[in-house]
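Fold and geometry: a report
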Amino acid sequence: MICGALWRLIDRKEGYEMLVNFLNSFMSYLVLLLIIVVVAGVATTIGITMAKKKSANVGTSSDQGNHV
């Protein structure tokens, strides 16, 4: 039922323009979401790597707590 209404809308030229505009907006937000996910993933990876290095250095340094 919804599909039939969608196809009736697409049959007209304005329907194609509306569909293209909708898909353009949808893809823009999808690309933005992917960029945010990639940046968050890189930041998480860097944070985990830095935390592991810091915890490894704390175990090997005997006088690290004495520095002001």
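In this report, the structure presented in the accompanying data block is examined.

Here is what the cut-offs are and how they apply
The numbers attached to residues start from 1 for each chain and follow its sequence in the written order. pLDDT decides what is reported in this predicted model: residues at 70 or higher carry local features, side-chain atom pairs at 80 or more are listed and counted, and totals for whole chains, interfaces and linings draw on all residues regardless. As a rule here, side-chain values come from all non-hydrogen atoms in the structure, and water together with hydrogens is ignored. Helix numbers and strand numbers start at the N terminus; a helix is a DSSP run of H or I with at least 4 residues, a strand a run of E with at least 2. Using a 1.4 Å probe on the protein chains alone, a residue whose accessible area is under 20% of its type maximum counts as buried, one over 50% counts as exposed, and one in between counts as partly exposed. Values of accessible area rely on a 1.4 Å probe in the Shrake-Rupley scheme; residue burial ignores everything except the protein chains shown. By convention, a stacked pair of Phe, Tyr or Trp rings (six-membered ring in the case of Trp) has centres within 6.5 Å and planes under 30 degrees apart, an edge-to-face pair has planes over 60 apart, and any other such pair is tilted. Within the patch definition used here, like charges are joined within 9 Å and nonpolar side chains (Val, Leu, Ile, Met, Phe, Trp, Tyr) within 5 Å, considering only residues with over 30% relative accessible area and no salt bridge. The term salt bridge refers to a pairing of a side-chain nitrogen on Lys or Arg with a carboxyl oxygen on Asp or Glu at a separation within 4 Å.

**A short note on the overall build of the chain**
Check the secondary structure of the chain and you find two helices and zero strands. For the chain, buried positions account for 3% of its 68 residues. Working note: accessible area of the chain is about 6,300 Å², and carbon and sulfur atoms make up 71% of it.

**Re the packing of aromatic side chains**
Scanning the model with the defined rule gives one aromatic pair in all. Note on Phe-22 and Phe-26: the rings are 6.2 Å apart at their centroids and 25° apart in plane angle, and the pair reads as stacked. Separated by four residues within a single helix, Phe-22 and Phe-26 lie in helix 2 (residues 13–60), roughly one turn from each other. Residue class for Phe-22 comes out exposed when judged on its relative accessible area of 52%.

**Concerning a nonpolar patch on the surface**
Taken together, the side chains of Phe-22, Leu-23, Phe-26, Met-27, Leu-30, Leu-33, Leu-34 and Val-37 make up a nonpolar region of the molecular surface, amounting to roughly 780 Å² of accessible area. In this structure, Leu-23 sits in helix 2.

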